[in-house]
Structure formats: C-alpha cells, structure tokens
Amino acid sequence: MSPVALLHHFNPPTQEIVSLTSADPSRLLSSAKRSRLHGIGIGVDRLTSRCGGRKIALNHWKSLWDRADLAGRTIDARRAPETLYDPGTNELKYVHERGSELVPGFTDREEEEELLWEGKRKEKKKGKKQEKGKKNSKIISISTPSLSEPQLNGYLEMVLLLLLIPCVLIPRSCLCSSRPGLTPEELAQIPVGFLSLAQKPEIMDYMVSIRRRIHEYPELGFEEFETSKLVRSELDRMGIQYKHPLAVTGVVGYIGTGKPPFVAIRADMDALAMEENVEWEHKSKVPGKMHACGHDGHVAMLLGAAKLLQGQRDQLQGTVVLVFQPAEEGGAGAKKMIDDGALENVNAIFGLHLSVRFPIGAVATRPGPIMAASGFFEAIISGKGGHAAIPQHTIDPIVAASNVIVSLQHLISREADPLDSQVVTVAKIEGGGSFNVIPDSVTIGGTFRAFSTDSLIQLKRRIEEVITRQASVQRCNATVSFSAKPFYPVTANDKALHEHFKSVAQDMLAPHKVLGMEPLMGSEDFSFYTEVIPGYFYFVGMEDKSLGKMEFGHSPYYRLNEDALPYGTALHAALATRYILENQQKSDAAKGSSHDEL
C-alpha cells in the first residue's frame, strides 16, 4: 500500500490551518485558527496557547502537542507527526524524516476575539476557501509511514480528541480576579467541577485511607497528638503552610495569597470515650475509645478539600484557612482555638457534620438557630447511710435524688414556654454499692439546653434551686456545681451565608437535594466561632438503605458511610472558593491594613 500523504497549509488571508489528504485533496477535513469548546477558548498565539486560561508553552523544537499541560492533565501526542516551533523566525515547522520546510507562523489576535469552529462549512464555502488558499499559501507535503484505513482513522480521532477534551478542573477564568465579573454559568461550574474532582478514585482513595488510619487510633479531646501529627504531615506533603500548636493539638493551614478575603473551613478531630462494637477490618485498636461521631471523616474531608484547593492556589485571589480543631466533644476546643488566634483576619467560617438523618447526596440546614446552647451540671446529695432493713435510722439520699430527678422535669413541662424548646436531662446517677446498705450520698449529673442565652441562664438558676430545695425536703443537703468548661452558645447560621450556601449547594447537587430542617437540641462548639464572626453549619447526608440500619452518633454501633466523603470535600472547597470570588471587591479596601498571613 502506498504511503498516505498528509497536507497542511496556513492561509494568511483567511487565518486558517487547512489539513488535506492525498486521496481527496478537495475535501477540507479541518479548518480553524481558534476553537470554542464548552465555552473554553483554545487559541494559538506567538509563544503560548491557552485553554481555560492555562498556558501551553511551545518550547524550542518541541512538538506543538507533545506535552501540553491542559487542566492538570498531560497530553502526549508523540505518535502524531511532529509540529515544531522555531523561535528565531516565529514560525511553525512541519517536519518529517525526509526533510522539512517552514510555513508562516500563526497571527496573534486580541485575546477576547470571538473564537470560531469552522470544521463543518458549507460545500460552497469550502471550495472558495480552498481555491483562495492555493493562491496565498505554501503547501507542505509530509509523507507518513504506510497506514491502514483503521490506523488513519485512529490518528484522526486522536487529534480530534486533543481538541475536544473538556477541562474537568475549574476554568481559571472562573478563579481569577482579572475579570470584572462572572456570569451565573461560570459561577455554577465551580461546585460541579469540585464534586467531579472529589469523586475521582485517587481523591476518594486518599480520603478513605486517611479516615481509616484515624479511626483505628482514636484520641480524646486535647489528646489528639497523633492525629495532629498526621494532619501536619499531609499538609507538608501538599506544600501548605500552617500554624501549630493552637489549643494544644490544633492546626491552622493557609492556602492562597495570604491576603483578604479570608474564609475558614473547619473540622473537629477528637473521639469519644466508649468501646466500639462494630466488627470490621479497621475497628478501633485503642480500648475504651472510638470515633463514634464521624470526626475521623471530618478530618479526611478537610484534607481532601485542601488537596483540591492547593491545586488552585495560584488562582485564589484570597486566603482559605483550614481549621483542624481539637476537643469538640465537651471540651470547648473552638473557644481555645479562638483564644490562640485561629480566626485572625477571618471574615467567615463554614463547618459541617456527617449525618444518617439525611440521604447520601443531600445536605440539610437552615438559617438562624440550628443547634442549641448547652451546659452541664453535677450535684452531690448527702444524707445518712445505714442498714436497708432499718431506714428509719437513716436519711436516704437515693429517695431524695429520685425526687430531684422528677422535679427537674417539671422545669420543662410546667415552667418553660412550649414554643421555646428546652431540655433538662439527668444522664448520670451514682450511689451505693450493696443491695442492703443505704449509702451516705448520691451523685447525679446531666445537661440542660435551650435556644437562647436568656433561657439557658434561667434553666441554670432553677436547676440549682430545685436540687437544693428538694433535697432539703428529704432532710438531705445538696451541693450543685456547673461545668468549669464554658457553656456552649447557640449555633446560629448567618442569613447572608445561608443564601451563599444554598446557591453553591444547589449548583452542585440540584435544588431538591438541599433540604430544610428543624433546629436540633444537640450542641456544637462551632457556636463559639459564630459568636465572633459570621458562620454557617450544615449537615451532609450519608443514609443509604442498601447498607441496612445505620445508628446515630455516640452509639458503639456507629458506622460511617465513606461514599459521603466526596460531597463534604467538594462543599468545603466550593463554598470557600465562591466566597472569595464574591467578596473580592469588599476586601480591596482592607488589603492595605491587613498583614500577609503566609
């Protein structure tokens, strides 16, 4: 079979690159100076080519498509005939082993010039262009080795694929501040792009691996030394700068310019003091400790988001602050992080929690109060012990404690406004060690919660009064103490950030996947952040009925659905990126007075 010749010529008057085959020289196979693919311009100028704002260097004697960094992907087209660039003459050179000739280089046009795809012209225009091209251009014939028709088709498909590969990363035009504004379509691409990346096997495997390593070695509040070490090791590998220690084991990382706007995304790291009863390969290896609230997944998602954002660090016109926080479970770690400067310069903060209440692929939240304020109390009720057979010679603290527990419930049913949700729960009672001995004292303890500071203060006052006075009715004495740790405030979502969250989440997941919810009586030390700056807290669903019944948090049978990890990761990254984009102008005035965080 005779060699199939490929003909290429450049037509300056029409600014076209024309490719022909010897079999049918009259047929125009492709014709384009620049093309618009999915709204992303691909152009060839004197030194660089751009795809979505990404430069492709045409190095000296390098193939035009030999190695092109396109949205983080290396395109290798070394099988294709070499297309070389001569910087001395600013021309393209089509080369073959039999010889080479030079053709005129591509003409540089304005970057915003309308890009056209002319591959399917009408037959009449084809003839005119071809005829005009013959008069104004030099045609270079390049012979290739003998190719079968399937091989030739494969070659042409490969070249076409190089032109049609969509950029899965966020277009840089959507991240740079050089443009005065972004269209709704461009903004909507950002969450979708991040979710696509987060679901890639390499990112998913990374997060699962991190989560399982943390799950096997759980650590309690302010003891997360190995978890903190793991976080810092991963940040070092990513090249992310950070501060440590804050609040004993906390870590705060920084991605971006080190300048405003600053937006934080947070994960808690601590485990619970309980034995894991789930039998699986990565069961807790530390007796009496378990990640039963999903914090291992929270850390994995924030590290996953760090990977995605670090890949875009040169385009972030602001700073993303990564907050890895200790001691959420009753330790008020967030307050200590604030005291140590974790929120310095930060304008807003986002936090999340995995939840089996909502289906996987959905999120749930609300504006205003979303989680209650809470406090803890403990009371020692003292009487006089003795033989259980002669109670008349004793002062029974167990009976007194029983009356106290019942009376505390009347604070909710008889004193609290039914429209103002409040809770008092006695969750601990200790007293006695024998069936026939009345003890000298009984200790009770519990928690109280409300959705306003005033209601919480009122509950605190009445709890102390009820315990001491009911104990005295039974001839006992009582001392009441409240936790030395700070009361957790109400977690309240900023209304402006609520609109921001809805926009991002709906673009990513679809409107029907963004669910409303009623406030929860649970509490979160994320509330300390929302007392200082605007904050937003939401739940990422992970219910999957195919996995069977999944227990709520703080259960020894708690299981985490790892398929939910990409959603949290993508939301972290998208919320932060979009916040920076939408708040760049507001931060311009503050740039002169703020310091460089990096």
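What counts, and at which threshold
Residues numbered from 1 in each chain as written. Predicted model: local features only at pLDDT ≥ 70, side-chain atom pairs only at ≥ 80, totals over all residues. Heavy atoms only, no water. Helix = DSSP H or I, 4+ residues; strand = E, 2+ residues; numbered from the N terminus. Buried < 20%, exposed > 50% of the residue type's maximum accessible area, 1.4 Å probe, protein only. Contact = heavy atoms within 4.5 Å. Areas by Shrake-Rupley, 256 points an atom, 1.4 Å probe, with all protein chains shown as cover. Expected span 1.5 Å × (residues − 1). Polar contact = N/O pair within 3.5 Å; in protein donor to acceptor, adjacent residues only side chain to side chain. Phe/Tyr/Trp six-rings, centres within 6.5 Å; stacked < 30°, edge-to-face > 60°. Lys NZ or Arg CZ within 6 Å of the ring centre and 35° of its normal. Pairing = 2+ DSSP bridges. Axes fitted to C-alpha atoms, helices over the stretch in contact; angles between N-to-C directions. Core = buried A, V, L, I, M, F, W, Y, C linked by side-chain atoms within 4.5 Å. Salt bridge = Lys/Arg side-chain N within 4 Å of Asp/Glu carboxyl O.

A. Up close: the overall build of the protein. Scanning the protein for helices and strands turns up 14 helices and 29 strands. The buried share of the protein, taken over its 598 residues, is 51%. Long-range contacts, defined as pairs at least 24 residues apart, comprise 75% of the intrachain contacts of the protein with a sequence gap of at least 6. By element, 52% of the accessible surface of the protein is carried by carbon and sulfur atoms, the whole surface being about 28,000 Å².

B. View of helix α9 (residues 397-415). Its 19 residues give α9 an end-to-end C-alpha distance of 26 Å, which sits within 8% of 27 Å, the value for a rise of 1.5 Å per residue. Every buried residue belonging to α9 is among P397, A400, A401, V404, S407, L408 and L411, and all of these are buried. Contacts made by the buried residues of α9 are with β21 (373-382), β23 (422-430), β24 (437-438), β25 (441-450) and α10 (453-473). Two or three places before I398, at the opening of α9, D396 has a side-chain oxygen 2.8 Å from that residue's backbone nitrogen.

C. Focus on the packing of aromatic side chains. Summed over all chains, the structure comprises 12 aromatic pairs. Summarising the aromatic geometry, the rings of F358 and F539 are spaced 6.4 Å apart at their centres and angled 45° between planes, so their arrangement reads as tilted. Remark: F539 occurs in strand β29 (residues 535-543) and F358 occurs in strand β18 (residues 348-359); sequence separation between them is 181 residues. Considered together, F358 and F539 belong to a single accessibility category, that of buried residues. Chaining the aromatic ring pairs together yields one cluster made of F358, F526, Y529, F537 and F539. One cation-aromatic arrangement involves K307 over Y206; the distance from NZ or CZ to the ring centre is 4.7 Å.

D. Fine view of unusual backbone geometry. Of the consecutive residues H244 and P245, the connecting peptide bond is found in the cis state with omega at 0°. In the segment running from P260 into P261, the intervening peptide bond is cis, with an omega of -5°. Residue position: P261 is located in the loop between β15 (250-256) and β16 (262-268). One non-glycine residue, A247, lies in the positive phi region at around 50°. Classification of A247 by relative accessible area gives buried; the value is 4%. Its identity is not glycine, yet V248 carries a phi of approximately 75°, on the positive side. Residue placement: V248 occurs in the loop between β14 (241-246) and β15. Residue classification places V248 among the partly exposed residues on the basis of a relative accessible area of 47%.

E. Highlighting the sheet that holds strand β26 (residues 477-482). Strands sit in the order β23-β25-β21-β26 across an open sheet of 4 strands; the sheet is antiparallel. Since the sheet does not close on itself, it has two edges, and those belong to β23 and β26, each with one partner. Within the sheet, the average angular offset between the axes of one strand and its neighbour, ignoring direction, is 20°. Summarising the sheet, β23 and β25 pair through 8 bridges and their orientation is antiparallel. Bridge assignment links V424 to a residue of β25, and that residue is F448. Along the sheet, α9 makes contact with β21, β23 and β25, crossing β23 at roughly 165°. This element, α10, spans β21, β23, β25 and β26 of the sheet and lies at about 160° to β26.

F. Layout of the pairing of β25. With respect to burial, β25 is a largely interior element, 9 of its 10 residues being buried. Where β21 and β25 come together, 10 bridges link them in antiparallel fashion. Within β25, the position partnered with F376 by the bridge is T447.

G. How the structure looks around the nonpolar core. In this structure, I265, L303, V320, L322 and F324 are the most contacted members of the largest nonpolar core, which totals 74 residues. Sort the elements by how many residues they give to this core and helix α13 (residues 565-582) lands first, with 11 residues. Other than its neighbours up to four places away in sequence, L303 contacts Y206, I210, V231, E234, L235, M238 and F324.

H. Layout of the pattern of salt bridges. Scanning the model with the defined rule gives 18 salt bridges in all. R211 serves as the salt-bridge partner of D296, at 2.9 Å between the closest nitrogen and oxygen. Note that D296 is positioned in helix α7 (residues 295-310) and R211 in helix α5 (residues 201-216), a separation of 85 residues in sequence. Each member of the pair, D296 as well as R211, carries the same accessibility label: buried. Among the charged side chains, a network of salt bridges with common partners joins R211, R212, D296 and E562.

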